[in-house]
Amino acid sequence: MLKIGMLTSGGDCQGLNAALRGVAKTLYNELGDKVTIYGIRDGYRGLIEGDYHEMLPEDFSDILTVGGTILGTKRTPFKLMRVVEDDKIDKVAAMKKTYKDAKLDCLLCLGG
């Protein structure tokens, strides 16, 4: 079983839903029930906080004309990823933990 995580990050831009759908449709067509896709909510925030959910093929239907991104997005400045702020969260360590806990084989990051 191949486990793929998907997130959208940065500002909203055209084509995020189309890109998500294209990747998902290809994965499901090529691998069928040998792939599981996990949607990570609100970009890197979801990866940091472990906020993800299993997605089904129907989750990617009828999203081509939907604005924004079905996963949500949040700007998380890359330059600050290694900075431990007042919340005392090591963001890089938290992201690695989520990746390992979800047993992901791949992480697809779309956007900024």
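Described in the following lines is the structure provided in the data block. (Residues numbered from 1 in each chain as written. Predicted model: local features only at pLDDT ≥ 70, side-chain atom pairs only at ≥ 80, totals over all residues. Heavy atoms only, no water.)

1. Details of the packing of aromatic side chains
Step number 1: Overall, the coordinates contain two aromatic pairs when judged by the stated rule.
Step number 2: When the centroid spacing of 6.3 Å and the interplanar angle of 55° are considered together, the rings of Tyr-28 and Phe-60 count as tilted. In this pair, Tyr-28 is assigned in helix 1 (residues 16–31) and Phe-60 in the loop between strand 3 (52–55) and helix 3 (91–101), connecting sequence segments 32 residues apart. Here Tyr-28 and Phe-60 have matching classes, each one buried.
Step number 3: Taken together, a centroid distance of 5.8 Å and an interplanar angle of 85° make the contact between Tyr-38 and Tyr-52 edge-to-face. Pair noted here: Tyr-38 is in strand 2 (residues 35–40) and Tyr-52 is in strand 3, with a separation of 14 residues, a long-range link. (Phe/Tyr/Trp six-rings, centres within 6.5 Å; stacked < 30°, edge-to-face > 60°. Helix = DSSP H or I, 4+ residues; strand = E, 2+ residues; numbered from the N terminus. Buried < 20%, exposed > 50% of the residue type's maximum accessible area, 1.4 Å probe, protein only.)

2. Section: helix 3
Since the α-helix turns once every 3.6 residues, residues separated by three or four places project in the same direction.
Step number 1: Those residues of helix 3 that sit buried are Lys-91, Val-92, Ala-94, Met-95 and Thr-98. One side of helix 3 holds all its buried residues, which, seen down the axis, span an arc of 165°. Turned more than 90 degrees from where helix 3 packs its buried face, Lys-96, Lys-97 and Lys-100 sit exposed.
Step number 2: Considering only its buried residues, helix 3 is in contact with helix 2 (44–49) and strand 3. (Arc of directions from axis to C-beta. Contact = heavy atoms within 4.5 Å.)

3. Let's talk about the pairing of strand 1 (residues 2–9)
Step number 1: In terms of residue burial, strand 1 counts as a mostly covered element, since six of its eight residues are buried.
Step number 2: Since strand 1 and strand 2 lie parallel, the crossover through helix 1 that links them has a hand, and here it is right-handed.
Step number 3: One ladder, built from six bridges, connects strand 1 with strand 4 (residues 106–111); its direction is parallel. Counterpart to Met-6 in the pairing with strand 4 is Leu-108. (Right-handed = clockwise from strand over helix to strand, strands pointing away. Pairing = 2+ DSSP bridges.)

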